[in-house]
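Next come the chains, spelled out residue by residue.
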Amino acid sequence: MKSLLIKDTTVDERMDIVKEALKGFGDGECEGIDMDDMYDDYIFGRKEIAEIHMEFSQRYGGSVKEEVRR
């Protein structure tokens, strides 16, 4: 598997990585959080994915729930 680190990827590759990761996520929103926007810092080389996930967990851990649509 290819590295996902910023130093090992281009902006276009990072856009594709995020798009592929969110593919099954429906409209890209989770209780008002725009998941596409959430990964902008990764796409533009400011933060690694792990940093974004850690910040998200610290901020929303236990409070964000998946919406089940029927």
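Residues numbered from 1 in each chain as written. Predicted model: local features only at pLDDT ≥ 70, side-chain atom pairs only at ≥ 80, totals over all residues. Heavy atoms only, no water.

Draft legend 1. Geometry of the overall build of the protein. Of the regular secondary structure elements, the protein holds 4 helices and 2 strands. Listed N to C, the secondary structure of the protein is α-β-β-α-α-α in terms of helices and strands. Scored against the burial criterion, the 70 residues of the protein give a buried share of 21%. Within the protein, contacts between residues separated by at least 24 positions form 48% of all contacts whose residues are at least 6 apart in sequence. Within the structure as shown, the protein displays about 5500 Å² of accessible surface, and the carbon and sulfur contribution to it stands at 52%. (Helix = DSSP H or I, 4+ residues; strand = E, 2+ residues; numbered from the N terminus. Buried < 20%, exposed > 50% of the residue type's maximum accessible area, 1.4 Å probe, protein only. Contact = heavy atoms within 4.5 Å. Areas by Shrake-Rupley, 256 points an atom, 1.4 Å probe, with all protein chains shown as cover.)

Draft legend 2. View of the nonpolar core. Ile-6, Val-18, Leu-22, Met-38, Tyr-39, Tyr-42, Ile-43, Ile-49 and Ile-52 together form the largest nonpolar core, which totals 9 residues. Broken down by secondary-structure element, the contributors of at least two residues to this core are helix 3 (40-43) and helix 4 (49-60). (Core = buried A, V, L, I, M, F, W, Y, C linked by side-chain atoms within 4.5 Å.)

Draft legend 3. Fine view of the side chain of Arg-14. Following the sequence through the fold, Arg-14 ends up in helix 1 (residues 11-21). Summary of buried charges: Arg-14 has no salt-bridge partner, and the nearest side chain of opposite charge, Glu-13, is 6.5 Å away. Reaching out from Arg-14, the side chain makes a polar contact with the backbone oxygen of Ile-6 at a distance of 3.2 Å. Leaving out residues up to four positions away in the same chain, Arg-14 has contacts with Ile-6, Thr-9, Tyr-42, Ile-43, Phe-44 and Gly-45. (Lys, Arg positive; Asp, Glu negative; His and termini not counted. Salt bridge = Lys/Arg side-chain N within 4 Å of Asp/Glu carboxyl O. Polar contact = N/O pair within 3.5 Å; in protein donor to acceptor, adjacent residues only side chain to side chain.)

Draft legend 4. Geometry of the environment of Ile-6. Within the secondary structure, Ile-6 is located in the segment before helix 1. Sequence separation between Ile-6 and Gly-45 is 39 residues; the distance between their C-alpha atoms is 5.8 Å. If sequence neighbours within four positions are ignored, Ile-6 has contacts with Arg-14, Tyr-42, Gly-45, Arg-46, Lys-47 and Glu-48.

Draft legend 5. Examining the pattern of salt bridges more closely. This model, assessed by the stated rule, comprises 6 salt bridges. The partner of Glu-20 in a salt bridge is Lys-23, and the shortest N-O contact between them spans 3.2 Å. Classification of Lys-23 by relative accessible area gives exposed; the value is 60%. Glu-55 is the partner of Lys-47 in a salt bridge, and the nearest nitrogen-oxygen pair spans 2.8 Å. Given the relative accessible area of 23%, Lys-47 is considered partly exposed. Connected via shared salt-bridge partners are Asp-41, Arg-46, Lys-47 and Glu-55.

So, to be careful, I would describe these as geometric facts and stop short of saying anything about function.
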